[in-house]
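# Chain and residue survey
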Amino acid sequence: MTQSLNRIAAMTARYYYILRSSWLRLLEIVYWPAMQMLVWGFLYTYLYQSKSAMASTAGLLLGAVLLWDVLFRGQLGFTFTFLEEIWSRNLANLMMSPLQPFELAASLMLMSLIRLVIGTLPVTLLTLLLFGFNVYAMGPGLIAFFLNLMLTSWAIGLVVAGLVIRQGLGAESLAYSIMIVLLPLCCVYYPVEALPAWLHPVAWSLTPTYVFEGMRAVLLDGTFRTDLMIECLALNAVYLGVGFATFVALLQSARHKGGLLTMGE
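Residues numbered from 1 in each chain as written. Predicted model: local features only at pLDDT ≥ 70, side-chain atom pairs only at ≥ 80, totals over all residues. Heavy atoms only, no water.

Right, let's talk about the environment of Glu 84 for a bit. Examined against the element boundaries, Glu 84 turns out to sit in helix α3 (residues 58–87). Along the sequence, Glu 84 and Ile 18 sit 66 residues apart, while their C-alpha atoms lie 9.8 Å from each other. Aside from chain neighbours lying at most four places away, what touches Glu 84 is Ile 18 and Arg 25. A distance of 2.4 Å separates a polar atom in the side chain of Glu 84 from a polar atom in the side chain of Arg 25. (Helix = DSSP H or I, 4+ residues; strand = E, 2+ residues; numbered from the N terminus. Contact = heavy atoms within 4.5 Å. Polar contact = N/O pair within 3.5 Å; in protein donor to acceptor, adjacent residues only side chain to side chain.)

Okay, here's the thing in C-alpha cells:
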C-alpha cells in the first residue's frame, strides 16, 4: 500500500511540475473560465438591473455557469493530463513500469482537482468582486455539488482516456466535445420539466441533473435537497466503477493489439 501511494504521489508531482514549469499552461487554466464568467456576468448584471421578468433568473444563470464549469473543467483537466502522456509518447513506458492502472487513474484525478482549484478559485472571487454574486452563499450544499460534479467528470474522463488508448488520437476530439453532447440533457440552465416528457428518464439518469436541480432548490427556495445528493452520489459510484472498468478493459485490449507502442504516431 505504501509503495502504491508513493507511485500515485510521484505521478501527481510529475504532472504538477509540468504544469508549474509553464506560465502559459497556468494562464490557460484561468483564462477560459474567466472569459466565460465575464460574458455571463455582464448578462447577469443586465438582467438584474432591468425590470424584465427575467431579472429573477439572473442568479440562477450565473450559478449554473459556475457549476457547469466545474464539471467541464474537471473532465478537461483529467483528459488533458492524460493526453500529455500520449503526445510525449510516454504511455508505453508507464505501462512497462510497476505503475498500476488504478494508480495512474488516481494521479490523474488528483491532478484534475489541482487544475480545477487553480482555475476556479480566482474566477469565483472575480465574480464576487465584479458582479456581487457569492457562490459560497450556497453553504454546505456547495461541497456536495462540487463533489458530485468532480466524480462525474472523472468517470467521463476515464472512458475518454480508454477510448484514446484503444482508438488512438482519432478519439482525441472526444475530450473537447463529449460534455457538449450532455449539456442539453443535464438541465443546466432550465428545470427537467422544460424537456419533453420522453426525455425525463434520460435526464434523471445523468448525475449533473441532480446537482443543477439541487442548485435551483437552494437559490430559489433556500432548501438543500439531501435526497437528490444521495441519489446523485449513488449513481456516481456506479458510473465511476463502470468508467474505471471500461478504462482497464480498453487498456488491456490496446496491449493485446500492440497499440501502446505505436501510440502518438
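Alright, that's what it looks like, and here's the rest.
All right, on to the pattern of salt bridges then. Taken as a whole, this structure holds six salt bridges when the rule is applied. Across the pair Arg 14 and Glu 85 runs a salt bridge whose closest N-O atoms are separated by 2.5 Å. Of this pair, Arg 14 sits in helix α1 (residues 2–20) while Glu 85 sits in helix α3, placing them 71 residues apart in sequence. Looking at Glu 85, the relative accessible area reads 1%, which means it is buried. Across the pair Glu 213 and Arg 216 runs a salt bridge whose closest N-O atoms are separated by 3.0 Å. Of this pair, Glu 213 and Arg 216 both sit in helix α9 (residues 207–221), three residues apart, which is roughly one turn of the helix. Comparing Glu 213 with Arg 216, the two get one shared label, buried. (Salt bridge = Lys/Arg side-chain N within 4 Å of Asp/Glu carboxyl O. Buried < 20%, exposed > 50% of the residue type's maximum accessible area, 1.4 Å probe, protein only.)

Another point: the packing of helix α6 (residues 141–167) against helix α7 (residues 174–182). Viewed as axis vectors pointing N to C, α6 and α7 meet at an angle of 135°, and their least axial separation amounts to 10 Å. What the angle tells us is that α6 and α7 run oblique. Taken as a pair, α6 and α7 cross one another with a handedness that is right-handed. Across the interface between the two elements, Ile 156, Val 160 and Leu 163 from α6 touch Leu 174, Ala 175, Ile 178, Met 179 and Leu 182 from α7. Looking at the contact of α6 with α7 residue by residue, the classes come out as eight nonpolar, no polar and no charged. (Axes fitted to C-alpha atoms, helices over the stretch in contact; angles between N-to-C directions. Parallel < 35°, antiparallel > 145°, perpendicular 65-115°, else oblique. Left-handed = near helix turned anticlockwise from the far one by under 90°. Nonpolar A, V, L, I, M, F, W, Y, C, P; charged D, E, K, R; others polar.)

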